[in-house]
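# Survey of secondary and tertiary structure
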Amino acid sequence: MHPLEGGLGRELAVSRAGGDWITVALVAPLQEGTNLIAYGILPGGRRRWSYVVEGGGAGAIGSGGRVVLVDGYGRLVVLANRLDGHKRPAVLVDSKTSPDAYMVACDEDGILLLCAPHDAEQYEDSAGRVAAQPYWTPRGNWVTSLVALDYDGRERWRAEIPFAGLQAVRRGDGSVVVGGMGVAVVKDGKLRWMRATEVRVHVALHRRDIIVAHGTTILRVDAVGRILGSGSIDDEAGACLLEVQPDGTIWVVTPRAVWRGR
């Protein structure tokens with residue numbers, strides 16, 4: 001049985017660890033509130049384990065199958081890719097973040113949290129999901145705390161971003177690019193470069209460059225914001241950056257079309 005069967009839901013992340021699949025999903029069972037659920041799924045599709053965070057939130061899957069969940073009210077849970085003897089994943093971290101974490105990303109280097117004082121009207125879309133849809137724009141703005149953690153929950157550094165951050169990706173040199181109502185680059189807790197915008201910005205990486213989708217404009221910039229190239233898409237709906245392939249091909253999706261360019 002697929003984890004989303006029996007209710008309405010949306011998968012946030014999926015990864016393969018060993019012979020199992022791991023997925024993180026926002027699930028809204030019929031006549032119940034939305035929950036954030038991580039599942040371990042055997043190759044045949046049978047559910048091996050599940051872990052529920054009530055009330056929704058955000059999640060990501062890191063190296064080694066570790067799962068990172070935040071509930072939008074500051075609770076951070078890190079699950080190991082092993083069972084604790086009760087057919088549940090082992091809990092590595094269960095703690096409170098400050099300010100409240102509402103978005104998470106993770107990779108081989110650790111965990112990245114986007115945090116701000118909780119205000120549901122600013123965070124949530126019309127369906128009550130935290131920063132859920134790529135085309136969603138916050139109703140208000142806030143100062144974002146970007147927090148870098150180890151997988152054991154220890155804080156490495158933090159930095160303040162003077163706009164609403166909705167996405168964080170780590171570059172090869174360890175710096176972090178934040179996209180949202182602007183774009184910023186942070187290195188070791190220090191803000192190196194930023195630019196606030198009136199429309200939502202999506203970011204991706206290609207080698208040492210940063211690809212920025214800003215409305216109908218696509219920019220290639222370096223780590224200090226110098227424009228290396230630009231292009232545009234003929235779509236009034238604006239852009240959401242989807243993927244940049246190793247050869248530099250850029251795939252952009254909007255509510256109406258998919259675009260490809262270099």
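Parameters and conventions
- Residues numbered from 1 in each chain as written.
- Predicted model: local features only at pLDDT ≥ 70, side-chain atom pairs only at ≥ 80, totals over all residues.
- Heavy atoms only, no water.
- Helix = DSSP H or I, 4+ residues; strand = E, 2+ residues; numbered from the N terminus.
- Buried < 20%, exposed > 50% of the residue type's maximum accessible area, 1.4 Å probe, protein only.
- Contact = heavy atoms within 4.5 Å.
- Areas by Shrake-Rupley, 256 points an atom, 1.4 Å probe, with all protein chains shown as cover.
- Pairing = 2+ DSSP bridges.
- Axes fitted to C-alpha atoms, helices over the stretch in contact; angles between N-to-C directions.
- Salt bridge = Lys/Arg side-chain N within 4 Å of Asp/Glu carboxyl O.
- Polar contact = N/O pair within 3.5 Å; in protein donor to acceptor, adjacent residues only side chain to side chain.
- Core = buried A, V, L, I, M, F, W, Y, C linked by side-chain atoms within 4.5 Å.

Another aspect to go through is the overall build of the protein. Looking only at helices and strands, the protein has one helix and 23 strands in total. Counting every position in the protein, which comprises 262 residues, the buried fraction comes to 50%. Put simply, of all contacts in the protein between residues at least 6 apart along the chain, 37% involve residues at least 24 apart. Total accessible area on the protein stands at roughly 12700 Å², and carbon and sulfur atoms take up 47% of it.

The strand order 17-18-19-20 describes an open sheet built from four strands, whose pairing is antiparallel. With one partner strand each, in any of the chains shown, strand 17 (201-206) and strand 20 (227-232) form the two edges of the open sheet. Sheet twist, expressed as the mean angle between neighbouring strand axes with direction ignored, is 20°. Note that strand 18 (residues 209-214) and strand 19 (residues 217-221) share five bridges and pair antiparallel. When the sheet's bridge partners are listed, Val212 is paired in strand 19 with Leu219.

Quick look at the pattern of salt bridges now. Taken as a whole, this structure holds ten salt bridges when the rule is applied. Arg156 is the salt-bridge partner of Asp150, the closest N and O atoms lying 2.4 Å from each other. Relative accessible area serves as the criterion here: at 42%, Arg156 is assigned to the partly exposed category. Overlapping salt bridges, with partners in common, bring together Asp107, Asp109 and Arg170 in one network.

Burial analysis of strand 9 (residues 101-107) places five of its seven residues in the buried class, which makes it a mostly covered element. Here strand 9 runs beside strand 10 (residues 110-115); their pairing, made up of six bridges, is antiparallel. Paired with Ala101 across the bridge in strand 10 is Cys115. Count of turn residues in the strand 9/strand 10 antiparallel hairpin: two residues.

Another point: the side chain of Ser63. When you line up the elements, Ser63 lands in the loop between strand 5 (58-61) and strand 6 (67-70). Only 2.8 Å separates the side chain of Ser63 from the side chain of Arg66, close enough to count as a polar contact. In this view, Ser63 contacts Asp107, Glu108 and Tyr151; residues no more than four positions away in its chain are not counted.

This brings us to the sheet that holds strand 13 (residues 165-170). Reading across the sheet, the four strands line up as 13-14-15-16 and stay open at both edges, with antiparallel pairing between neighbours. Edge positions in the sheet fall to strand 13 and strand 16 (190-196), since each has one partner strand and no second. If you compare each strand with its neighbour and ignore which way they point, the axes differ by 15° on average. Inspection of the sheet shows strand 13 paired to strand 14 (residues 176-180) by five bridges, in the antiparallel sense. Paired with Ala168 across the bridge in strand 14 is Val178.

Bringing unusual backbone geometry into the picture now. Going from Ser98 to Pro99, the amide bond is cis rather than trans, its omega being -5°. The topology assignment puts Pro99 in the loop between strand 8 (89-96) and strand 9. The backbone of Asp188 shows a phi angle near 55°, a positive value even though the residue is not glycine. Mapped onto the fold, Asp188 is located in the loop between strand 15 (182-187) and strand 16. Even without glycine at this site, Arg207 takes up a positive phi of about 55°. Taking relative accessible area as the criterion, Arg207 reaches 69% and is therefore assigned exposed.

Counting buried positions along strand 15 gives five out of six residues, so the element sits mostly inside the fold. Across five bridges, strand 14 lies against strand 15 in antiparallel orientation. When the sheet's bridge partners are listed, Gly179 is paired in strand 15 with Val183. Here strand 14 folds back onto strand 15, and the loop between the two strands holds one residue.

If you look at the biggest cluster of nonpolar residues, it comprises 37 residues, and the most contacted ones within it are Val68, Leu76, Val104, Ile111, Leu113 and Leu146. Contacts of Val68, omitting those with residues within four sequence positions, involve Ala58, Gly59, Ala60, Leu76, Val77, Val78, Val104, Cys106, Ile111 and Tyr151. Ala17, Ile22, Leu36 and Val77 belong to the second largest nonpolar core, which has 15 residues in total.

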